[in-house]
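# Inside the fold
This is what each chain is made of:
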There are 2 protein chains.
Amino acid sequence: MGTTKLMLRVDFGPNRALGPGKIRLLEAIDRTGSISQAGRALGMSYRRAWLLIDDLNRCFREPVLAAQPGGARGGGAELTAFGRKLVRDYRAIEIEATAATQTRLRAIAASLRPARSLSADKVNRLPIARGGKR
Amino acid sequence: MGTTKLMLRVDFGPNRALGPGKIRLLEAIDRTGSISQAGRALGMSYRRAWLLIDDLNRCFREPVLAAQPGGARGGGAELTAFGRKLVRDYRAIEIEATAATQTRLRAIAASLRPARSLSADKVNRLPIARGGKR
C-alpha cells in the first residue's frame, strides 16, 4: 500500500480527544524524561506541549504524568502507569484497526494517482468548475 | 461508551488524506445535488467546499464528481460511481475499525472524567506544573 495508513483519533465528545499528536508527545516524554526536551524533539513549544498534557489530565480521572522531584537541577517528568497504558492502548487500537480494514485500505490506495504526477496536475482544472450552477 | 468514537483519516503521504470532512461533503453533495448547497448545509464556504473536492480529484485517478449540465439555471453536481464507492469504503472502514477495537475503546472511555466536572477542573493546576525542571 506504499505510504497509505490509517490515522486515528479517539473522540470523547466536545473538546476531548486523543490523537497521534498527544500520543507522540507522551512517547517522547517517556524517552527523554522531560516535557521541554520532548517538545523540542517534536518541534513543539514548551507551552504547546504543556497544554496537550494539561488537556489529557483534564480528560482522564488519573494523571498521565508524574512530577519527578530531583537533584540540583530539579526533577523531570515521567509517565504514570496510566499514561503508559494509554499509549499502549492507542498503539494497539491503531494496529487492530489497520489489520481489520487492510482490504479496503488497499482498494483505496489502488485508486490513487502516482504522487509524482501531482505537480503536473496543478495546471489542470476540475471538470466541475467549468460553467454549470454553483 | 457514551460519546466515545473513533475518527479516521486515511493518510496517503504528504498533503494527501481522506477524512471525515471530505466524506461528509461528498455525502451532502449526493443529497443536495450541488456543491454550494452542500457547503451551506455544512457551514462551509463554496470556496472551501470546492478546494476539498479539488483535493480529492487531484488525489485519485478518477474524479469524484461529474458536472451535470442542466436546464436554464445550469447543471448541478453529482457523485461519480467512484465518488460513491469512496464514501462507501470510508464508512465501511469506520464500522470495521470501530468493531475491531471496541474492547480497548471501552477501556479508555472508562478512564474518562465525567464531562460535567470539566469546568470545575479548570481552576486546578497540573501536578507537573509545580516547580521541577522544565
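Below: a short report on this structure. (Residues numbered from 1 in each chain as written. Chains lettered and ligands numbered in written order. Predicted model: local features only at pLDDT ≥ 70, side-chain atom pairs only at ≥ 80, totals over all residues. Heavy atoms only, no water.)

### A look at the overall build of chain A
Within chain A, the secondary structure is distributed over five helices and four strands. Mapped in sequence order, the helices and strands of chain A form the string β-β-α-α-α-β-β-α-α. Considering only intrachain contacts with a sequence separation of at least 6, the fraction spanning at least 24 residues in chain A is 48%. With an accessible surface of roughly 7,100 Å², chain A has 51% of that area assigned to carbon and sulfur atoms. (Helix = DSSP H or I, 4+ residues; strand = E, 2+ residues; numbered from the N terminus. Contact = heavy atoms within 4.5 Å. Areas by Shrake-Rupley, 256 points an atom, 1.4 Å probe, with all protein chains shown as cover.)

### Thoughts on the environment of B:Leu79
All names here are of chain B. Topologically, Leu79 is positioned in strand S4 (residues 76–79). By relative accessible area, which is 4% here, Leu79 ends up buried. Residues Leu79 and Ile29 lie 50 residues apart in sequence; the distance between their C-alpha atoms is 7.3 Å. (Buried < 20%, exposed > 50% of the residue type's maximum accessible area, 1.4 Å probe, protein only.)

### What about the packing of helix H1 (residues 20–32) of chain B against helix H4 (residues 81–110) of chain B?
All names here are of chain B. Running from N to C, H1 and H4 point in directions that differ by 130°, and their axes come no closer than 10 Å. As summarised for this structure, H1 and H4 are arranged oblique, according to the angle between their axes. Here H1 and H4 pass one another in a crossing that is left-handed. Together, Pro20, Ile23, Arg24, Leu26, Glu27 and Asp30 of H1 and Gly83, Arg84, Leu86, Val87, Tyr90 and Arg91 of H4 make up the contact between the two elements. Looking at the contact of H1 with H4, its residues break down into six nonpolar, one polar and five charged. (Axes fitted to C-alpha atoms, helices over the stretch in contact; angles between N-to-C directions. Parallel < 35°, antiparallel > 145°, perpendicular 65-115°, else oblique. Left-handed = near helix turned anticlockwise from the far one by under 90°. Nonpolar A, V, L, I, M, F, W, Y, C, P; charged D, E, K, R; others polar.)

### Focus: the packing of H1(B) against helix H3 (residues 46–59) of chain B
Residues and elements named next belong to chain B. Interaxial distance between H1 and H3 falls to 10 Å at its minimum, and their mutual angle equals 105°. Between H1 and H3, the angle falls in the class roughly perpendicular. Every residue of H3 that contacts H1 at Lys22, Leu25, Leu26 and Ile29 is listed here: Ala49, Leu52, Ile53, Asp55 and Leu56. Class assignment of the residues belonging to the contact of H1 with H3 gives a composition of seven nonpolar, no polar and two charged.

### Some words on the packing of aromatic side chains
Residue and element names in this part refer to chain A. The tally for this structure, following the rule as stated, stands at four aromatic pairs over all chains. With a centroid separation of 5.6 Å and an interplanar angle of 80°, the aromatic rings of Phe12 and Phe60 are classed as edge-to-face. You can see Phe12 sitting in the loop between strand S1 (5–11) and strand S2 (17–18) and its partner Phe60 sitting in the loop between helix H3 (46–59) and strand S3 (65–68), a full 48 residues away along the chain. The residues Phe12 and Phe60 share a single accessibility class, namely buried. Each residue in the set Phe12, Phe60 and Phe82 is aromatic and connected to the rest through ring pairs, giving one cluster. (Phe/Tyr/Trp six-rings, centres within 6.5 Å; stacked < 30°, edge-to-face > 60°.)

### Quick word on the pairing of strand S1 (residues 5–11) of chain B
Along a regular strand, successive side chains alternate from one face of the sheet to the other. Burial runs high along S1(B): five of the seven residues are buried. Summarising the sheet, S1(A) and S1(B) pair through seven bridges and their orientation is antiparallel. By the bridge assignment for S1(B), A:Asp11 is matched with B:Lys5. Direction of pairing for S1(B) relative to strand S2 (residues 17–18) of chain B: antiparallel, over a ladder of two bridges. Bridge assignment links B:Val10 to a residue of S2(B), and that residue is B:Leu18. With antiparallel pairing between neighbouring strands as the criterion, S1(B) and S2(B) make up a hairpin whose turn holds five residues, including B:Gly13 at a positive phi of roughly 105°. (Pairing = 2+ DSSP bridges.)

### Considering helix H4 (residues 81–110) of chain A
Here H4(A) spans 41 Å end to end across 30 residues, near enough to the 44 Å set by a 1.5 Å rise per residue. By the largest-angle criterion, A:Gln102 marks the main kink of H4(A), which is about 70°. (Expected span 1.5 Å × (residues − 1). Bend = angle between axes of the 7 residues up to and from the residue.)

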